[in-house]
Amino acid sequence: QVQLVESGGGLVQPGGSLRLSCAASGFTFSIYAMSWYRQAPGKERELVAAISSAGSSTNYADSVKGRFTISRDNAKNTVYLQMNSLKPEDTAGYYCKAARRVPLWGQGTQVTVSS
């Protein structure tokens, strides 16, 4: 089955950390760039971070630079998002996407940053 499954979200206090995972199955994960997006209530979905197929190139939204790190393990068909120094404004549903001809999205995982 062709799918992406995110995990690792939850409730965290400001300043805390979370690591999101996105496990891919049913397609050749290693040949596609991957990205993480987020969407807060009432807002448009926005790109958070992206990584090339081999992991040699990454880019980040200005709002998360220096705090978030995207990485991938092609042997495990998984992409990660390490989130440090979390802020309340990072609260959102987080989604991974595979840059296939027809983009493939996961179902999302909720991150809530609150004291």
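Summary of the structure given here. Since we're looking at a predicted model, the values are computed, not measured.

Cut-offs and rules
Residues numbered from 1 in each chain as written. Predicted model: local features only at pLDDT ≥ 70, side-chain atom pairs only at ≥ 80, totals over all residues. Heavy atoms only, no water. Disulfide = S-S within 2.5 Å. Helix = DSSP H or I, 4+ residues; strand = E, 2+ residues; numbered from the N terminus. Buried < 20%, exposed > 50% of the residue type's maximum accessible area, 1.4 Å probe, protein only. Contact = heavy atoms within 4.5 Å. Phe/Tyr/Trp six-rings, centres within 6.5 Å; stacked < 30°, edge-to-face > 60°. Lys NZ or Arg CZ within 6 Å of the ring centre and 35° of its normal.

### A few points about the state of the cysteines
Part 1 of the argument: The final tally for this structure, using the stated rule, is 1 disulfide.
Part 2 of the argument: Residue Cys 22 pairs covalently with Cys 96 via a disulfide, S to S 2.0 Å. When the S-S torsion is 55°, as for the bridge of Cys 22 with Cys 96, the disulfide is right-handed. One end of the pair, Cys 22, is in strand β3 (residues 18-25); the other, Cys 96, is in strand β9 (residues 92-98), and 74 residues separate them in sequence.

### Topic: the environment of Cys 96
Part 1 of the argument: Cys 96 gets classed as buried once you look at its relative accessible area, which sits at 0%.
Part 2 of the argument: For Cys 96, the residues in contact, after removing those within four places along its chain, are Leu 4, Glu 6, Cys 22, Ser 35, Trp 36, Leu 104, Trp 105 and Gly 106.

### Quick notes on the packing of aromatic side chains
Part 1 of the argument: Per the stated rule, a full pass over the model turns up 2 aromatic pairs.
Part 2 of the argument: Taken together, a centroid distance of 4.9 Å and an interplanar angle of 65° make the contact between Tyr 37 and Trp 105 edge-to-face. One end of the pair, Tyr 37, is in strand β4 (residues 34-39); the other, Trp 105, is in strand β10 (residues 104-105), with 68 residues separating them in the sequence.
Part 3 of the argument: One cation-aromatic arrangement involves Arg 72 over Phe 29; the distance from NZ or CZ to the ring centre is 4.4 Å.
Part 4 of the argument: The ring of Phe 27 is capped by Arg 100, whose NZ or CZ atom sits 5.0 Å from the centre of that ring.

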